[in-house]
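Breakdown of the fold
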Amino acid sequence: MNKFARLDRLPPYVFATVNKIKMDARHAGKDIVDLGMGNPDLPTPKHIVDKLVEAAQKPQNHRYSASMGITRLRMAICDWYKRRFDVDLDPETEAIVTIGIKEGLSHLVLVTIRPGDVVFTPNPTYPIHPYSAIIAGGDVRGIPVGPEENFFENLLNATKQTWPRPKVLILSYPHNPTTEVVDLDFFQQIVDFAKENDILVIHDFAYADLVFDDYKAPSFLQAKGAKDVGVEFFSMSKSYSMAGWRMGFCVGNPETVFALKRIKSYLDYGVFQPIQIASIIALNGPQDCVREICDTYRERRDTLINGLSRIGWDIKSPKGTMFVWGRIPEAYRKMGSVEFAKFLIREAQVAVSPGLGFGEYGDEYVRFALIENPMRIQQAVRGIRKVM
């Protein structure tokens, strides 16, 4: 008897192979510049940490919290949406706190679909998008996304060719890993499409604030009628460099928010209350820290893009996220992304993420995470130059 049937549907974790080679190289004394995992290296702003420390010293904050989040935090996220996007949200029915986006999204998909239901996700994309559906027993259809793809046209074609009809569409813009960005007209098309086809839309808005070159990322909820068909997740991880704090939100369609609230009431008692209190300060306080974090990633992006260009690897400069998505140089493309990533660790002492780990349509690409300072990024470029 198979005791772990759900795990059998999960493919081997591609990143584990590359990570092992990276760790073996480090244990052998090699200085590997790690541009692989998107784990922010910037410290959480001091005023947020100070509030956490203050709140953690109060015994009343050590008790169980609420699975949907404390009221003042839900009010803060709704106020933030109003200031940022002029979107009105009810903190009682249209907002819920989650333990980061991965937890909230995966539990929402679990409560939304039945075994055999079809879920559309971009391909390539952040792994939890398709894996959440697979864990829930759904069938995933990947919609090609990337520099040379028209995602919306691909979505229409996939809908015509898919039976049973899809129940859920998961999106994420600015997009990880391809760094693709969209305008509000795109989201309006998505809303109209979802209404016509009775599809729930889940938008992962993790990189809302990491945008460059005068581009401003629209919220899905700004589109007319968006709350009728979907929800949006926002994370504190990137905007406020609070990745390890595990703080996120789901806002939008009240019926969907209620479904997530109900399943979470069986599964958790919410995030440690001092973290929630510190998050209120982050959202309501001065936003200079967000701009400074964004400027840091912009500097790193420019260092990497310009450095690679000088050695003959031309990559389009992304307008969003903390990543660079580069097509493997033609001379190495037949290796595929996993072997090329291994090659860079061994020969250039640089770790990147293989595109295959985000979906089969990403196998001609690698993803650079901008988690090292400019000097280390220049070191990475020198290492790549030696092997190219």
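The paragraphs below set out a description of the structure included in this document.

**Re the overall build of the protein chain**
Tallying secondary structure elements over the protein chain gives 15 helices and 12 strands in all. A compact globule built from 388 residues would reach a C-alpha radius of gyration of about 21 Å, and the protein chain, at 21 Å, matches this within 12%. Along the first, second and third principal axes, the C-alpha set of the protein chain runs to 55 × 55 × 50 Å. Split into buried and exposed, the 388 residues of the protein chain put 56% on the buried side. In the protein chain, once contacts between residues fewer than 6 apart in sequence are set aside, the share between residues at least 24 apart is 76%. As displayed, the protein chain offers around 17600 Å² of accessible surface, 51% of which is attributable to carbon and sulfur atoms. Averaging the locations of the 48 positively and 46 negatively charged side chains of the protein chain gives two centres separated by 5 Å.

**Considering the nonpolar core**
Judged by nonpolar contacts, the single largest core of 64 residues is most densely connected at Ile202, Phe233, Leu308, Phe368 and Ile384. The biggest single contributor to this core is helix H14 (residues 336-348), with 7 residues.

**Some thoughts on the sheet that holds strand S9 (residues 323-327)**
Pairing is antiparallel across the open sheet formed by 3 strands, whose spatial order is S9-S12-S11. Strand pairing shows two members of the sheet lacking a second neighbour, S9 and strand S11 (353-354), which therefore form its edges.

**A look at a positive patch on the surface**
Together, Arg310, Arg382, Arg385 and Lys386 make up a positively charged patch on the protein surface. For the positive patch, the element with the most residues is helix H15 (residues 374-387), which contributes 3 residues. Mapped onto the secondary structure, Arg310 falls in helix H13 (residues 288-310). Overall, the relative accessible area of 66% leaves Arg310 in the exposed class.

**A short note on the pattern of salt bridges**
Here the structure, examined in full by the defined rule, presents 25 salt bridges. For Glu148, the salt bridge is made with Arg327, and the minimal N-O distance between the two is 4.0 Å. Separated by 179 residues along the polypeptide, Glu148 in the loop between strand S4 (139-144) and helix H7 (151-161) and Arg327 in strand S9 bring together distant segments of the chain. Overall, the relative accessible area of 32% leaves Arg327 in the partly exposed class. Within the structure, one salt-bridge network assembled from shared partners comprises Asp31, Glu372 and Arg376.

**Let's talk about the layout of surface pockets**
What the largest pocket holds in volume is close to 820 Å³. In terms of lining, the largest pocket is formed by 37 residues, of which the most central are Tyr13, Met37, Gly38, Lys102 and Tyr126. In terms of residue count, the dominant contributor to the lining of the largest pocket is helix H2 (residues 14-27) (4 residues).

**A short note on the pairing of strand S7 (residues 230-235)**
Most of S7 sits out of view: 6 of its 6 residues are buried. On S7, burial covers both faces: Gly230, Glu232 and Phe234 on one face and Val231, Phe233 and Ser235 on the other are all buried. Taken together, the 5 bridges between S7 and strand S8 (residues 248-252) define a ladder with antiparallel strand orientation. Note that in S8 the partner of Phe233 across the bridge is Cys250.

**So, the packing of aromatic side chains**
Tallied over the entire structure, the rule returns 22 aromatic pairs. An angle of 75° between the planes, with centres 5.8 Å apart, marks the rings of Trp80 and Phe85 as edge-to-face. The two residues Trp80 and Phe85 agree in class, both being buried. Between the aromatic rings of Phe234 and Phe249, the centroid separation amounts to 6.5 Å while the plane-to-plane angle is 10°, which identifies the pairing as stacked. Here Phe234, found in strand S7, pairs with Phe249, found in strand S8; they are 15 residues apart in sequence, far enough to count as distant. Comparing Phe234 with Phe249, the two get one shared label, buried. Following the ring pairs from residue to residue traces out a cluster consisting of Trp80, Tyr81, Phe85, Phe205, Phe234 and Phe249.

**Some points on the side chain of His203**
Within the element layout of this structure, His203 appears in strand S6 (residues 200-204). A polar atom in the side chain of His203 sits 3.0 Å from the backbone nitrogen of Tyr173. Setting aside residues no more than four positions away along its own chain, His203 makes contact with Leu171, Ser172, Tyr173, Phe187, Phe220, Val231, Glu232 and Phe233.

**Quick notes on the sheet that holds S8**
With respect to topology, 7 strands assemble into an open sheet ordered S2-S8-S7-S6-S5-S3-S4, the strand pairing being mixed. Sheet topology places strand S2 (95-98) and S4 at the edges, where each strand pairs with a single neighbour. Strand-to-strand twist across the sheet, computed as the mean angle between neighbouring axes with direction ignored, equals 20°. In the packing of helix H5 (residues 100-112) onto the sheet, contacts are made with S2, strand S5 (166-171), S6, S7 and S8, and the angle to S7 comes to roughly 160°. Contacts from H7 reach strand S3 (118-123), S4 and S5 within the one sheet, and its direction differs from that of S4 by about 145°.

**Remarks on the state of the cysteines**
Scanning all chains against the criterion turns up 0 disulfides. Left without a disulfide partner, Cys250 is nearest to the cysteine sulfur of Cys78, which lies 11 Å away. Cys294 carries a free sulfur, and the closest cysteine sulfur to it, the one in Cys289, is 12 Å from it.

**With respect to the pairing of S8**
Along any regular strand, the residues point their side chains to alternate faces of the sheet. Burial analysis of S8 places 5 of its 5 residues in the buried class, the great majority of the element. Burial along S8 is two-sided: the residues Gly248, Cys250 and Gly252 and Phe249 and Val251 are all buried. Bridge analysis of S2 against S8 gives 4 bridges, and the strand direction is antiparallel. Across the sheet, the residue bridging to Thr98 is Gly248, located in S8.

About the thresholds
Residues numbered from 1 in each chain as written. Predicted model: local features only at pLDDT ≥ 70, side-chain atom pairs only at ≥ 80, totals over all residues. Heavy atoms only, no water. Helix = DSSP H or I, 4+ residues; strand = E, 2+ residues; numbered from the N terminus. Rg over C-alpha atoms; globule rule 2.2 N^0.38 Å. Buried < 20%, exposed > 50% of the residue type's maximum accessible area, 1.4 Å probe, protein only. Contact = heavy atoms within 4.5 Å. Areas by Shrake-Rupley, 256 points an atom, 1.4 Å probe, with all protein chains shown as cover. Lys, Arg positive; Asp, Glu negative; His and termini not counted. Charge placed at Lys NZ, Arg CZ, Asp CG, Glu CD. Core = buried A, V, L, I, M, F, W, Y, C linked by side-chain atoms within 4.5 Å. Pairing = 2+ DSSP bridges. Patch = residues over 30% accessible without salt bridge, like charges linked within 9 Å, V, L, I, M, F, W, Y side chains within 5 Å. Salt bridge = Lys/Arg side-chain N within 4 Å of Asp/Glu carboxyl O. 1 Å grid on protein atoms, 1.4 Å probe; cavity = no way out; pocket = protein on both sides within 12 Å on 5 of 7 lines; lining within 4 Å. Points joined across faces, edges and corners; volume = space filled by probe spheres on them. Phe/Tyr/Trp six-rings, centres within 6.5 Å; stacked < 30°, edge-to-face > 60°. Polar contact = N/O pair within 3.5 Å; in protein donor to acceptor, adjacent residues only side chain to side chain. Axes fitted to C-alpha atoms, helices over the stretch in contact; angles between N-to-C directions. Disulfide = S-S within 2.5 Å.

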